[in-house]
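Listed below are the residues making up each chain.
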Amino acid sequence: DIDDKKHQEDTENHSKRRIYLDYNATTPPSAEVVKAVTEALQEAWGNPSSSYSAGCMAKQLIDKARAHIASMVRGKPGDIIFTSGGTEANNMVLFSAVEQFSMRAKESSSNSVDKALPHIITTNVEHDSIVLPLQHLQRAHRAEVTFVPVSTT
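Residues numbered from 1 in each chain as written. Predicted model: local features only at pLDDT ≥ 70, side-chain atom pairs only at ≥ 80, totals over all residues. Heavy atoms only, no water.

An unreviewed UniProt entry annotates the protein as Selenocysteine lyase of Staurois parvus. Within the UniProt record for the protein, the comment given under Subcellular location (unreviewed entry) is "Cytoplasm, Cytosol". Looking at the Cofactor (unreviewed entry) heading of the UniProt record, one finds this comment for the protein: "pyridoxal 5'-phosphate". (UniProt positions renumbered as here; feature names shortened; annotations may be inferred.)

Printed below as a string of structure tokens:
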């Protein structure tokens, strides 16, 4: 069909001219990263919590990566937590921060401050991975949240 062939040609031409401008969301991996991931998927594909060889290899690679990242940020390997992505990381940070606030407020409060809530300030253009958990914390009366509008000028 002529229309299908034209569409295929247009798609091929478009992909040759593609300009990627969303480095904020993700970036194309370097050849070095592709190689390391490929090797890990072929040789260390096991469950890192298991005791068979592929699992042990996976655990060694994860531990090595954790130690490397810790040294880059001058931290401790035990403080490095890997998540599946930004949404999980944002949820973990927000809920952990609110929990820590609540625990410390209970430890140091007199009866007059028992109901203290953390106050979180963010923008009204924040990503849903921040907005939705904050709205949940607000509805659950676990945090006060202020969404500051951004300037249009």
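Attention shifts here to the pattern of salt bridges. Under the counting rule described, the total for this entry stands at four salt bridges. Here glutamate 39 ties to lysine 35 by a salt bridge, and the two come within 3.7 Å at their closest N and O atoms. A residue pair is termed a helical-turn pair when its members lie 3 or 4 positions apart in one helix, as glutamate 39 and lysine 35 do in helix α2 (residues 31-43) at four residues. Using a relative accessible area of 55% as the deciding quantity, one classes lysine 35 as exposed. The partner of lysine 59 in a salt bridge is aspartate 63, and the shortest N-O contact between them spans 3.3 Å. Placement of both lysine 59 and aspartate 63 in helix α3 (residues 53-72) is noted, with a separation of four residues, approximately one turn of the helix. A relative accessible area of 40% means that lysine 59 is categorised as partly exposed. Connected through shared salt-bridge partners, Lys59, Asp63 and Arg66 make up one network. (Salt bridge = Lys/Arg side-chain N within 4 Å of Asp/Glu carboxyl O. Helix = DSSP H or I, 4+ residues; strand = E, 2+ residues; numbered from the N terminus. Buried < 20%, exposed > 50% of the residue type's maximum accessible area, 1.4 Å probe, protein only.)

This brings us to the packing of aromatic side chains. Each aromatic ring pair is described using two quantities: the centre-to-centre distance and the angle formed by the ring planes. Under the criterion given, the structure shown has one aromatic pair. Plain terms: the ring middles of tryptophan 45 and tyrosine 52 are 6.3 Å apart, the flat faces sit at 35° to each other, and that makes the pair tilted. By relative accessible area, which is 57% here, tryptophan 45 ends up exposed. (Phe/Tyr/Trp six-rings, centres within 6.5 Å; stacked < 30°, edge-to-face > 60°.)

This paragraph deals with the side chain of threonine 122. Within the secondary structure, threonine 122 sits in strand β1 (residues 119-123). Taking relative accessible area as the criterion, threonine 122 reaches 12% and is therefore assigned buried. Within polar-contact distance, the side chain of threonine 122 engages the side chain of glutamate 126 at 3.4 Å. Setting aside its immediate chain neighbours within four residues, threonine 122 contacts Ile130, Leu134, Thr146, Phe147 and Val148. (Polar contact = N/O pair within 3.5 Å; in protein donor to acceptor, adjacent residues only side chain to side chain. Contact = heavy atoms within 4.5 Å.)

On the surface, Val33, Val37 and Leu41 cluster together into a nonpolar patch covering about 270 Å² of accessible area. In this structure, leucine 41 sits in helix α2. (Patch = residues over 30% accessible without salt bridge, like charges linked within 9 Å, V, L, I, M, F, W, Y side chains within 5 Å. Areas by Shrake-Rupley, 256 points an atom, 1.4 Å probe, with all protein chains shown as cover.)

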